[in-house]
Structure formats: C-alpha cells, structure tokens
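Structural description and commentary
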Amino acid sequence: MNNNTPIMLGIKETADNWSITPNYARSLALSGKVAAVRVGRGKILINQQSVADYFNSSHLTAESNTETGSITPIPVKV
C-alpha cells in the first residue's frame, strides 16, 4: 500500500526544521507561498514538501557588475 500522506508540521517545527524564524514560516503560509492549512483554533500546519519546493525554486539574482566579474570603485570624498 502506497502512503501519500504529506508531512505537515506546525509553525515552530517548520521554523526549526528549515532554520528560519517562526515569523517567516508563518508569513510563507499566510501569503500562500507554501501549502498550509488551519486546524482547530488558529493552529497552522505547513506542508514540508511545499517548503522544500519553495526554497529549491528560490535564487538570488546578482547585479550586473558581479556577473561580469568587474570591480566598481567606490567614490570617496577627501
């Protein structure tokens, strides 16, 4: 029998699991960036696979100077 039950964790457990703050975990859930459900009186459970997918699809964009490897001097007033 194949068990396709997603792993769901609370805000604190998600934050600890992914080394993020509880506020950031909550904001990901409330903004809809990751799959989450409310259970009981306000408890939020977050789907851990959706968190992994979110972080795997996120990337930093480099400025044009760092992409080419050139160095731009910082102007200094003397």
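Everything here concerns the structure above.
The paragraphs below set out a description of the structure included in this document. Values in this document were obtained by computation on a predicted structure and should not be read as measured data. (Residues numbered from 1 in each chain as written. Predicted model: local features only at pLDDT ≥ 70, side-chain atom pairs only at ≥ 80, totals over all residues. Heavy atoms only, no water.)

**Details of the side chain of Asn47**
Just so we agree on the cut-off: Only DSSP runs of H or I covering at least 4 residues are called helices, and only runs of E covering at least 2 are called strands; the numbering of each starts at the N terminus. Relative accessible area decides the class of each residue, using a 1.4 Å probe on protein chains only: under 20% of the type maximum gives buried, over 50% gives exposed, and in between gives partly exposed. Pairs of residues are marked as contacts when any of their non-hydrogen atoms sit within 4.5 Å.
Counting through the fold element by element, Asn47 comes out in strand 3 (residues 43–47). Asn47 gets classed as buried once you look at its relative accessible area, which sits at 14%. The residues touching Asn47, leaving out its near neighbours within four places in the chain, are Pro6, Ile7, Met8 and Ala35.

**A word on the packing of helix 1 (residues 11–18) against helix 3 (residues 48–57)**
When two helices pack together, their arrangement is given by the angle between the helix axes and by the axis-to-axis distance. For clarity, the threshold we go by: Axes here refer to lines fitted to C-alpha atoms; in helices the fit is confined to the stretch in contact. Angles between the N-to-C directions go from 0 to 180 degrees. For classification purposes, an angle smaller than 35 degrees is called roughly parallel, one larger than 145 roughly antiparallel, one from 65 to 115 roughly perpendicular, and anything else oblique. Left-handed is the label given to a crossing in which the near helix is rotated counterclockwise from the far helix by less than a right angle, and right-handed is the label when the rotation is clockwise. The residue classification treats Ala, Val, Leu, Ile, Met, Phe, Trp, Tyr, Cys and Pro as nonpolar and Asp, Glu, Lys and Arg as charged. All others, Gly included, are polar.
Viewed as axis vectors pointing N to C, helix 1 and helix 3 meet at an angle of 40°, and their least axial separation amounts to 12 Å. Of the possible angle classes, the one that applies to helix 1 and helix 3 is oblique. The hand of the helix 1/helix 3 crossing is right-handed. Residue-level inspection shows Thr14, Asn17 and Trp18 of helix 1 in contact with helix 3, the latter providing Gln48, Val51, Ala52 and Phe55. Among the residues forming the contact of helix 1 with helix 3, the class breakdown is four nonpolar, three polar and no charged.

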